[in-house]
Structure formats: C-alpha cells, structure tokens
Amino acid sequence: MTVLVTGSRGKVGSALIALLHEAGADVRAASAAPDELSLPTGVEAVHCALDDPATFPAALDSVTSVFLYAEPSQTGAFLDEAAAAGVEHIVLLSSSSVLDPGAADNPIAASHLAVEQALAASPVEASVLQPGAFAANAFQWRLALESAGSIDLPYPGSYGDPIHERDVAEAAFALLTRPEPRGRTYHLTGPESLTFTEQLGILERAVGSPFPYATVTREAWKAAMAGYMPGAFADGLLDYWASTDGSPTPLTHAVEELTGHPARSFAEWAAENADAFKTAWLTRAAR
C-alpha cells in the first residue's frame, strides 16, 4: 500500500505522515514546496500542487490511497488522474461547515462542498472527514496578543467545538489502514462545546497569563482583517459566528468511533501549546 498525503506541511498532514510511517506504511508526502518539508527518514517527498494538474501524474504513480485536502480549483482533474492511476480509496479532509443550511452560499463551506460533490461522482471509493474548528485556530489569538495586547471578538459568546489536530490525523489513519469504516462520512467534533470566552479562560489557566479581549462590531473586525482574508471569507466567518452566538454546538462521538479513544479536550491542547503563548507575552513585554 502506498499512501499519498497532500497538505504535508499542515498540522494534520504531518501528524498523519508520522502515524503511517510508524505503522510501516509506504508514505509519499505531497507538497507544492517539497524541498521545505521536514519528514521522517524513509518518507518520499513529491511535488504536487493541488491547483496544478501537471503535477498530478508523477505524484499519483503507483499510489493506492490518498489523503486529500479540499482544494476545489482542479478537483476534477485530480480525481480523473487518481482513477486512471488505479487509486482505490480517497480520504477527504472537508469541513463541518458543509452541514450548515446556507453552505452553498458561504464561500468557505461552498469550496468544501464542491469537492465533496465531485468526490461523490468519482468512481474511486471515498471516505469524508468533516471536522469543526481546529483547536490550533487559537494561534491567531497569540498574534493579536503579541501585537496589540488584546483580542478582538465580534461574537464573544459564539460556541465552537475545537478539535485537536492529532484527533483528525488519527481518524484519517484509521480510515486509511482499516477496511471496515471506509466509504462513509464522519462529522468530527471536540468533546466540548465552548464559547470563545470559555476558550480564552482555558488558555489563561494553561499559560498563567491573562487573555484580555474587546467586543468589537462586525464592521470593525472585518476592516481589521482586510489585509489577511478576502471580504467574502470574512463575511462567511462572521455569519457563522453570529449563527452560533449563544447556541451550543452539537457534538458527536465520531473521533472515538474511529480512533478508539475520546476526543482530546481543548484544555489538553492548551497545555501542550502553552509555551507558544508565553513567548507571545514575553515578546510584547520586551518591546
């Protein structure tokens, strides 16, 4: 079995590569910049940019399974090449945003939905992972603390279900190495539904430093993000946060179903990454 892992520089992809390698699988790490990858000894790096079909044939040669990030621009070409290469199974990293009623009109959800639909029409067997917000999204708060000393929140009471990236990687590992759970869609969540302010409180306890925040308007937050994301994507996030403001996120047990253990808590993630946030405070204090 040869597994092609796309998105190899990401938290999930890199963790999945390590799991597959440790299990003795033949792993091929795909990236648009393969020379920049830091890989376990024996893992092959291959050039594969998901928006460039010219890179697909070599990357997919002799591959039996693929872990695929949801990049919609050339999904059809990738799936056609995968089928021609004899790929037997694809595990797609999608998003729980596709479950929202207005998913087709939300640019973030729509891109994932388009890939899911293309995969459903492909002859290659597919399994789909739909995680909610990654716990690692909290790193954006680190940057805010370092630069401004405070975090801007347009909806402090918005709920989320932060999921540890290793749980997502282990769920993908289960689908790539065991036949029985394949061919289905799994909505992955963390073990708790937490507001943004509750997440900040957990980080405060883990780091031992305050995580002050300011409630700001939608317009102010969008303006502050203008240099980092397109306006349509900012609107998509804001609309989602508005829809979950005061509404706890429904939770699933899909992580435990696939991995055999309960999903890791946000407190566990915070403890593992506390030093990164401490560095942010030290950097600001040194200015």
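Everything in this summary refers to the structure shown in the same document. Predicted, not measured: the structure shown is a model, and the values here were computed from it. (Residues numbered from 1 in each chain as written. Predicted model: local features only at pLDDT ≥ 70, side-chain atom pairs only at ≥ 80, totals over all residues. Heavy atoms only, no water.)

### Side note on the overall build of the protein chain
Quick note on the threshold: Only DSSP runs of H or I covering at least 4 residues are called helices, and only runs of E covering at least 2 are called strands; the numbering of each starts at the N terminus. Computation of the radius of gyration draws on C-alpha atoms alone. For the globule rule, the value is 2.2 Å times the number of residues to the power 0.38. Exposure categories follow from relative accessible area, calculated using a 1.4 Å probe and restricted to protein chains: below 20% of the type maximum is buried, above 50% is exposed, and the middle band is partly exposed. Contact between two residues is taken to exist if any of their heavy atoms lie within 4.5 Å; hydrogens are not considered. In these tables, accessible area is a Shrake-Rupley quantity obtained with a 1.4 Å probe, and a residue counts as shielded only by the protein chains included in the view. Neither His nor the chain termini are counted; the positive set is Lys and Arg, and the negative set is Asp and Glu. Charge positions come from single atoms, namely NZ of Lys, CZ of Arg, CG of Asp or CD of Glu.
Counting its regular elements, the protein chain contains 12 helices and 11 strands. Its C-alpha radius of gyration of 19 Å places the protein chain within 12% of the 19 Å reference for a compact globule of 287 residues. For the C-alpha atoms alone, the extent of the protein chain along its principal axes is close to 55 × 40 × 35 Å. By residue count, 47% of the 287 residues in the protein chain fall in the buried class. Within the protein chain, residue pairs in contact and separated by at least 24 positions form 72% of the contacts whose partners lie at least 6 positions apart. Working note: accessible area of the protein chain is about 12,800 Å², and carbon and sulfur atoms make up 53% of it. Side-chain charges in the protein chain split into 15 positive and 35 negative, and the spacing between the mean points of these groups amounts to 7 Å.

### Things to note about the packing of aromatic side chains
What counts here: Ring geometry is summarised as follows: Phe, Tyr and Trp rings, the Trp one being its six-membered ring, pair when their centres sit within 6.5 Å, and such pairs are stacked at plane angles under 30 degrees, edge-to-face over 60 and tilted between the two.
According to the stated counting rule, one finds 10 aromatic pairs in the structure shown. For the pair phenylalanine 211 and phenylalanine 277, a centre-to-centre distance of 5.6 Å together with 55° between the ring planes defines the contact as tilted. Residue phenylalanine 211 is located in the loop between helix H7 (196-207) and strand S11 (213-215), and its partner phenylalanine 277 is located in helix H12 (residues 274-285); the two are separated by 66 residues in the primary sequence. Take phenylalanine 277: its relative accessible area is 0%, and that puts it in the buried class. With a centroid separation of 6.2 Å and 70° between ring planes, the pair formed by tryptophan 269 and phenylalanine 277 is classed as edge-to-face.

### Regarding empty space enclosed by the protein
Counted only if it meets this: Only protein atoms enter the calculation, which uses a 1 Å grid: trapped sets of points that fit a 1.4 Å probe without letting it out are cavities, open sets showing protein on both sides within 12 Å along at least five of seven lines are pockets, and any residue with an atom within 4 Å of a point is a lining residue. Grid points are joined across faces, edges and corners, and a volume is the space filled by probe spheres set on the points.
According to the stated counting rule, one finds 1 cavity of 30 Å³ or more in the structure shown. The computed volume of the largest cavity comes to approximately 50 Å³. Leu50, Phe56, Leu68, Tyr69, Glu71, Gln74, Thr75, Phe78 and Val115 together form the lining of the largest cavity. Every element with two or more residues in the lining of the largest cavity is listed here: strand S4 (65-69) and helix H3 (75-85).

### A look at the environment of aspartate 51
Within the element layout of this structure, aspartate 51 appears in the loop between strand S3 (44-47) and helix H2 (56-60). The spacing of aspartate 51 and proline 262 is 211 residues in sequence and 35 Å in space, taken between C-alpha atoms. If we skip the residues at most four places from it in the chain, aspartate 51 touches Glu71, Ser73 and Gln74.

### So, the pairing of strand S5 (residues 89-93)
How we decide: Strands are treated as partners if at least two bridges between them are detected by DSSP. The handedness of a crossover follows from its direction of travel: if, with the strands pointing away from the viewer, the path from the first strand over the helix to the second runs clockwise, the crossover is right-handed.
S5 sits mainly inside the fold: 5 of its 5 residues count as buried. Of the two faces of S5, the one lined by His89, Val91 and Leu93 and the one lined by Ile90 and Leu92 are each fully buried. With 5 bridges connecting them, S4 and S5 associate as parallel partners. In the sheet register, phenylalanine 67 faces S5, and the bridge partner there is valine 91. Crossover S4 to S5 through H3 is right-handed. Alignment of S5 against strand S6 (residues 125-131), held across 5 bridges, turns out to be parallel. Paired with histidine 89 across the two strands is glutamate 125, which belongs to S6. Each parallel crossover has a hand, and the one from S5 via helix H4 (residues 107-120) to S6 is right-handed.

### Focus: the layout of surface pockets
Gaps between atoms show up when a probe of the same size as a water molecule is rolled over them. Applicable threshold: Each residue receives one of three labels: charged for Asp, Glu, Lys and Arg, nonpolar for Ala, Val, Leu, Ile, Met, Phe, Trp, Tyr, Cys and Pro, and polar for the others, Gly being one of them.
The calculated volume of the second largest pocket comes to roughly 180 Å³. In this structure, the second largest pocket is lined by Thr6, Gly7, Ser8, Arg9, Ala30, Ser31, Ala32, Ala33, Cys48, Ala49, Leu50 and Tyr69. Classifying every residue of the lining of the second largest pocket by side-chain character gives 7 nonpolar, 4 polar and 1 charged.

### Some points on the pattern of salt bridges
To keep things clear, this is the line we draw: A side-chain nitrogen of Lys or Arg and a carboxyl oxygen of Asp or Glu constitute a salt bridge if their distance falls within 4 Å.
Going through the model one piece at a time under the given rule, you end up with 12 salt bridges. A salt bridge links glutamate 180 to arginine 178; the shortest N-O distance between them is 2.9 Å. Residue classification places glutamate 180 among the exposed positions, given a relative accessible area of 52%. Note on arginine 178: relative accessible area 30%, which makes it partly exposed.

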